[in-house]
Amino acid sequence: MYKKIVVLTGAGISAESGINTFRDNDGLWENHAIEDVATPEGYQRDPQLVFDFYNARRQQLSLPEIKPNDAHQALAKLQKQFGGELLIVTQNVDNLHERAGAQVLHMHGELNSARCPRSGKQTTDFGHFGFDTLCDCCPLPQPLRPDIVWFGEIPLQMEKIEQALSQCDLFIAIGTSGEVYPAAGFVSLANQAGATTVEVNLAPSRNNDQFLLKKGGKASQSVPKLVEDILMGMALF
């Protein structure tokens, strides 16, 4: 039935695995002001605070209770078994999709990656962030920064994402708020392409009215059923 699918996942899919959503109702992330730990200005103002914050976030991923849930597993199954083209894009910076067996595009970066601030070279071969965590690509080695797209920075691989959206016939947004751009505009691009657009969310997103089909409830319950319907060739709308 469908030949080209784009899936966007947000904080809601990881929340079921025990990872707090990026921006809680009080405007904080893990009890820190967004401006202090997720902006270039915050990094310049207090790099040690930022280093400590992301070290703690990375340690959280290694806790035994933090693991992929049924929604992550279902998307990995879809990627393995779907006969057409499938691009999974995530706003999340955790590694739960990969641990479930999926290949995903991290538009906002990754917790388990570091980046040279001068050359942009990425690496996963590093220990804890600190002033002594240096790159190996510059004549004067630079302290590696978290490989995270902070507020005010441009998300990664936007050209590839927008091209896929312009050609897709099914777009699914899972656990997204519809508040953070450019991701919040993906449904509009998919609608322009004539795609069937589906939202899976505990509560309606800010742009819920732009989706043709809305599915409430937990992603871990809705996504596996959705995947089975797609693999069986069923029309969703």
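Preceding block: the structure.
Residues numbered from 1 in each chain as written. Predicted model: local features only at pLDDT ≥ 70, side-chain atom pairs only at ≥ 80, totals over all residues. Heavy atoms only, no water.

With respect to the overall build of the protein
Part 1 of the argument: A count of helical and extended segments in the protein gives nine helices and 11 strands.
Part 2 of the argument: A compact globule built from 237 residues would reach a C-alpha radius of gyration of about 18 Å, and the protein, at 18 Å, matches this within 12%.
Part 3 of the argument: Along the longest, intermediate and shortest principal axes, the C-alpha atoms of the protein span 55 × 35 × 30 Å.
Part 4 of the argument: Considering the protein as a whole, with its 237 residues, one finds that 51% of them fall into the buried category.
Part 5 of the argument: In the protein, the share of contacts with a sequence separation of at least 24, taken over all contacts with a separation of at least 6, comes to 64%. (Helix = DSSP H or I, 4+ residues; strand = E, 2+ residues; numbered from the N terminus. Rg over C-alpha atoms; globule rule 2.2 N^0.38 Å. Buried < 20%, exposed > 50% of the residue type's maximum accessible area, 1.4 Å probe, protein only. Contact = heavy atoms within 4.5 Å.)

Details of the side chain of Asn 208
Part 1 of the argument: Within the secondary structure, Asn 208 is located in the loop between β10 (196-201) and β11 (213-216).
Part 2 of the argument: Taking the relative accessible area as the measure of exposure, Asn 208 reaches 17% and is therefore buried.
Part 3 of the argument: Those residues in contact with Asn 208 that lie beyond four places of it in its chain are Glu 199 and Lys 214.

Let's talk about the packing of aromatic side chains
Part 1 of the argument: In total, this model carries eight aromatic pairs according to the counting rule given.
Part 2 of the argument: Judged by centre distance (6.2 Å) and plane angle (10 degrees), the rings of Phe 51 and Phe 129 are stacked. Pair noted here: Phe 51 is in helix α4 (residues 47-61) and Phe 129 is in the loop between β7 (122-123) and β8 (145-148), with a separation of 78 residues, a long-range link.
Part 3 of the argument: Judged by relative accessible area, which is 0%, Phe 51 ranks as buried.
Part 4 of the argument: Centroid distance Phe 126 to Phe 129: 4.9 Å. Interplanar angle 35 degrees. Geometry classified as tilted.
Part 5 of the argument: Given the relative accessible area of 14%, Phe 126 is considered buried.
Part 6 of the argument: Among the aromatic residues, those joined into a cluster by ring pairs are Tyr 43, Phe 51, Phe 53, Tyr 54, Phe 126, Phe 129, Phe 131 and Trp 150.
Part 7 of the argument: The cationic tip of Arg 57 hangs over the ring face of Phe 53; the distance from NZ or CZ to the ring centre is 4.6 Å. (Phe/Tyr/Trp six-rings, centres within 6.5 Å; stacked < 30°, edge-to-face > 60°. Lys NZ or Arg CZ within 6 Å of the ring centre and 35° of its normal.)

Some words on the nonpolar core
Part 1 of the argument: One finds Ile 172, Ile 174 and Val 223 to be the most contacted residues of the largest nonpolar core, which totals 27 residues.
Part 2 of the argument: Of all the secondary structure elements, the ones that give two or more residues to this core are β1 (4-9), α5 (70-81), β4 (85-90), β9 (170-174), β10 and α9 (219-231).
Part 3 of the argument: Setting aside residues up to four positions removed in sequence, Ile 172 forms contacts with Val 6, Val 7, Leu 8, Val 198, Val 200, Leu 226 and Ile 230. (Core = buried A, V, L, I, M, F, W, Y, C linked by side-chain atoms within 4.5 Å.)

Overview of the sheet that holds β11
Hydrogen bonding along the main chain pairs the strands of a sheet, whether they run parallel or antiparallel.
Part 1 of the argument: Spatially, six strands are ordered β5-β4-β1-β9-β10-β11 in an open sheet, and the strand pairing comes out parallel. At either margin of the open sheet sits one strand with a lone partner, and together these are β5 (105-106) and β11.
Part 2 of the argument: Of the strand pairs in this sheet, β4 and β5 are connected by two bridges, and their pairing is parallel. Of the residues in β5, the one forming a bridge with Thr 90 is His 106.
Part 3 of the argument: Sitting on the sheet, α5 is in contact with β1, β4 and β9, with an inclination near 150 degrees to β4.
Part 4 of the argument: Against the sheet, helix α7 (residues 158-167) contacts β1, β4, β5 and β9, and its axis sits at roughly 130 degrees relative to β4. (Pairing = 2+ DSSP bridges. Axes fitted to C-alpha atoms, helices over the stretch in contact; angles between N-to-C directions.)

A look at the pattern of salt bridges
Part 1 of the argument: Within the structure shown, the criterion is met by seven salt bridges.
Part 2 of the argument: Close ionic contact of Arg 115 with Asp 147 constitutes a salt bridge, the shortest N to O distance being 2.9 Å. Of the two residues, Arg 115 sits in strand β6 (residues 109-115) while Asp 147 sits in strand β8, which places them 32 residues apart along the sequence. Comparing Arg 115 with Asp 147 shows no difference in burial state: the two are buried.
Part 3 of the argument: Here Lys 121 and Asp 136 are joined by a salt bridge, their closest N and O atoms 3.1 Å apart. Pair noted here: Lys 121 is in the loop between β6 and β7 and Asp 136 is in the loop between β7 and β8, with a separation of 15 residues, a long-range link.
Part 4 of the argument: Looking at Asp 136, the relative accessible area reads 66%, which means it is exposed. (Salt bridge = Lys/Arg side-chain N within 4 Å of Asp/Glu carboxyl O.)

Some details on the sheet that holds β7
Part 1 of the argument: With antiparallel pairing, three strands are arranged side by side in an open sheet as β7-β6-β8. The strands lining the two open edges of the sheet, one partner per strand, are β7 and β8.
Part 2 of the argument: Pairing analysis gives three bridges linking β6 to β8, with the strands arranged antiparallel. Within β8, the position partnered with Arg 115 by the bridge is Arg 145.
Part 3 of the argument: Of the strands in this sheet, β6 and β8 are in contact with α4, which crosses β6 at around 130 degrees.

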